[in-house]
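For reference, the chains in residue letters:
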Amino acid sequence: MVGKYSLRGVYKRAVVTGGAGFIGSHLVESLLADGLEVVSIDNYSTGKRSNLEHLSAERRLRIVDCDITDKAAVSPHLAGADVVFHEACSKMTMCLIDPARDLEVNAQGTFNMLEAAREHGVNKFVHASTGSVYGVAQYYPTDEAHPVNPTSYYGVSKLAGEKYVRAFQHLYGMDAVILRYFHVYGPRQEMGDLGGVTCIFGRRAVKNEPLIIFGDGSQVRSFTYVGDVVNINKLVARTSGISGQAFNCASGSRVTIKELADAVLAHYKKQHIGIEYRDWKIGDIKVFDVSNARIKELGMEFTMPFKDGLAMTLDWLAKDIGKYA
Ligand SMILES: NC(=O)c1ccc[n+]([C@@H]2O[C@H](COP(=O)([O-])OP(=O)(O)OC[C@H]3O[C@@H](n4cnc5c(N)ncnc54)[C@H](O)[C@@H]3O)[C@@H](O)[C@H]2O)c1
């Protein structure tokens, strides 16, 4: 039986930019399982070859080492593609180190991918964006109609990417959809200090180092399992009549950073390690309370309870820490 989100028979060939990254590699895996031919494009700036290693024998997968800011180099790899999932980005943490590069990758890189998609007559463009485009929330739950006033370089450059997507949709009728992710977690997430909080806590616990909380730990996050995010990508890819729309991709779970820290320590039975509290990080957003009504209306069901997704992530982390850390 073909699953609810499956792209089997819908598309033949998909391109995934950032295919060697955390979310991109799960997407590649799932598209291959659906029977598609997949082209992964990545420059391995944060992505890892090991993220696709288990798929290397798969003949329907083509792994390309290429930078999306190099239009001439990247464009030919979209030939014959039906759908593009644009996951490649310069991350939140990187943008503070090199904001100019952040702009180049998230704005110019997105523009390049859109141009290449148009040149090659790609049918659908699914664009990974972020909840950071909203900036400080003016109301809760924050829905897609909320004004976009990003307060970080990352949010600004990702918003520029969104605006280019909308321009291509408007100018050329491109079938393009924007997904705004929030606190995605799961196996293969970066566990170094530039990674996600779940894996940073997990890594420190495995290494018997106290968990560090910036602020008092009351920050609320809407953690969303990577498998659910993959399903959203596939759902919008197979849905027509939604071009130009943005969708919040948040599970709706409300977990504080202190609750997360406690759960990580409890999972490894390492409560004795404890938690250290440091000053608040500048610009840290205290509460994320996100409406996911629009994506649910499309038929999305978030199936992974936070405690189960966390357990799977922490089990993966303990097993693979030598390989990834
Ligand atoms: N993880 C989250 O919680 C989260 C939240 C909001 C938005 N997002 C968005 O989701 C997408 C995927 O993020 P992720 O968490 O998997 O991050 P990631 O860093 O694991 O993946 C990004 C990938 O893009 C690649 N890349 C970066 N610059 C590139 C370039 N110039 N050319 C080619 N490849 C390049 C990296 O090597 C990496 O493999 C991004 O667009 C990000 O903005 C993620």
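See the structure printed just above.
Residues numbered from 1 in each chain as written. Predicted model: local features only at pLDDT ≥ 70, side-chain atom pairs only at ≥ 80, totals over all residues.

1. Quick look at the overall build of the protein chain
Part 1 of the argument: Counting its regular elements, the protein chain contains ten helices and 13 strands.
Part 2 of the argument: Here the C-alpha atoms of the protein chain give a radius of gyration of 19 Å, agreeing with the 20 Å that 2.2 N^0.38 yields for 325 residues.
Part 3 of the argument: Taking the principal axes of the C-alpha coordinates as reference, the protein chain spans close to 55 × 45 × 40 Å.
Part 4 of the argument: Counting contacts in the protein chain only where the partners sit at least 6 residues apart, residues at least 24 apart contribute 79% of the total. (Helix = DSSP H or I, 4+ residues; strand = E, 2+ residues; numbered from the N terminus. Rg over C-alpha atoms; globule rule 2.2 N^0.38 Å. Contact = placed C-beta atoms within 7 Å.)

2. Remarks on the pairing of strand 8 (residues 211–214)
Part 1 of the argument: The alternating pattern of strand 8 places Leu211 and Ile213 on a buried face, while none of Ile212 and Phe214, on the opposite face, is buried.
Part 2 of the argument: Two strands pair when backbone bridges link them, and strand 8 and strand 13 (residues 275–278) are joined in this way by four bridges, in the parallel orientation. By the bridge assignment, Leu211 is partnered in strand 13 with Ile275. (Buried ≥ 20, exposed ≤ 12 C-beta atoms within 10 Å, placed from the backbone. Pairing = 2+ DSSP bridges.)

3. Details of the sheet that holds strand 5 (residues 124–130)
Where strands meet in a sheet, backbone hydrogen bonds hold them as pairs that are either parallel or antiparallel.
Part 1 of the argument: The seven strands lie next to each other as 3-2-1-4-5-6-11, forming an open sheet whose pairing is parallel. Either end of the sheet is taken by a strand with one partner, and the two such strands are strand 3 (61–65) and strand 11 (246–249). Recorded for the sheet is a direction-independent mean angle of 20 degrees between the axes of neighbouring strands. (Axes fitted to C-alpha atoms, helices over the stretch in contact; angles between N-to-C directions.)

4. What about the site of the ligand?
Part 1 of the argument: If you check the shell around the ligand, you find 32 residues, and the closest are Gly18, Gly21, Ile23, Gly47 and Cys89.
Part 2 of the argument: Counting residues per element, the ones that place at least two in the shell around the ligand are helix 1 (22–33), strand 2 (37–42), helix 4 (99–119) and strand 5.
Part 3 of the argument: The element that contributes the greatest number of residues to the shell around the ligand is helix 1, accounting for three residues.
Part 4 of the argument: Tallied by class, the residues present in the shell around the ligand amount to twelve nonpolar, 14 polar and six charged. (Near = placed C-beta within 6 Å. Nonpolar A, V, L, I, M, F, W, Y, C, P; charged D, E, K, R; others polar.)

5. Digging into helix 6 (residues 197–206)
Residue pairs three or four apart in sequence face the same way in an α-helix, which turns once every 3.6 residues.
Part 1 of the argument: With eight of ten residues buried, helix 6 is to be regarded as a mostly interior element.
Part 2 of the argument: Among the residues making up helix 6, those that are buried are Val197, Thr198, Cys199, Phe201, Gly202, Arg203, Arg204 and Ala205.
Part 3 of the argument: Directly after helix 6, the chain includes Asn208, whose backbone phi takes a positive value near 60 degrees.

6. Describing the pairing of strand 4 (residues 83–86)
For a regular strand, the rule is simple: side chains alternate between the two faces of the sheet.
Part 1 of the argument: With burial as the criterion, each face of strand 4 is covered, one bearing Val83 and Phe85 and the other bearing Val84 and His86.
Part 2 of the argument: Judged from the four bridges that link them, strand 1 (residues 13–17) and strand 4 form a sheet pairing that is parallel. Considered in strand 4, the bridge of Val16 is made with Phe85.
Part 3 of the argument: As paired strands, strand 4 and strand 5 are joined by four bridges and run parallel to one another. Counterpart to Val84 in the pairing with strand 5 is Phe125.

7. Side note on unusual backbone geometry
Part 1 of the argument: Between Tyr140 and the following residue, Pro141, the backbone shows a cis peptide bond with an omega angle of -15 degrees.
Part 2 of the argument: Mapped onto the elements of the fold, Pro141 is located in the loop between strand 5 and helix 5 (153–172).
Part 3 of the argument: Of note, Arg188 is a non-glycine position whose phi angle comes to about 80 degrees, a positive value.
Part 4 of the argument: Within the element layout of this structure, Arg188 appears in the loop between strand 7 (184–185) and helix 6.
Part 5 of the argument: Classification of Arg188 as buried rests on a count of 25 C-beta atoms within 10 Å.

8. Thoughts on the environment of Lys281
Part 1 of the argument: Within the secondary structure layout, Lys281 lies in the loop between strand 13 and helix 9 (293–297).
Part 2 of the argument: With 10 C-beta atoms packed within 10 Å, Lys281 lands in the exposed category.

9. Here's the deal with the packing of helix 1 against helix 7 (residues 226–237)
Part 1 of the argument: It is the contact of helix 1 with helix 7, at a shortest axis distance of 9 Å, that shows an interaxial angle of 60 degrees. As the angle between them shows, helix 1 and helix 7 are arranged oblique. Read as a crossing pair, helix 1 and helix 7 show a hand that is right-handed. Facing Phe22, Ile23, His26, Leu27 and Ser30 of helix 1, the residues of helix 7 in contact are Val226, Gly227, Val229, Val230, Asn233 and Lys234. (Parallel < 35°, antiparallel > 145°, perpendicular 65-115°, else oblique. Left-handed = near helix turned anticlockwise from the far one by under 90°.)

Just geometry here; none of it tells us what the structure is for.
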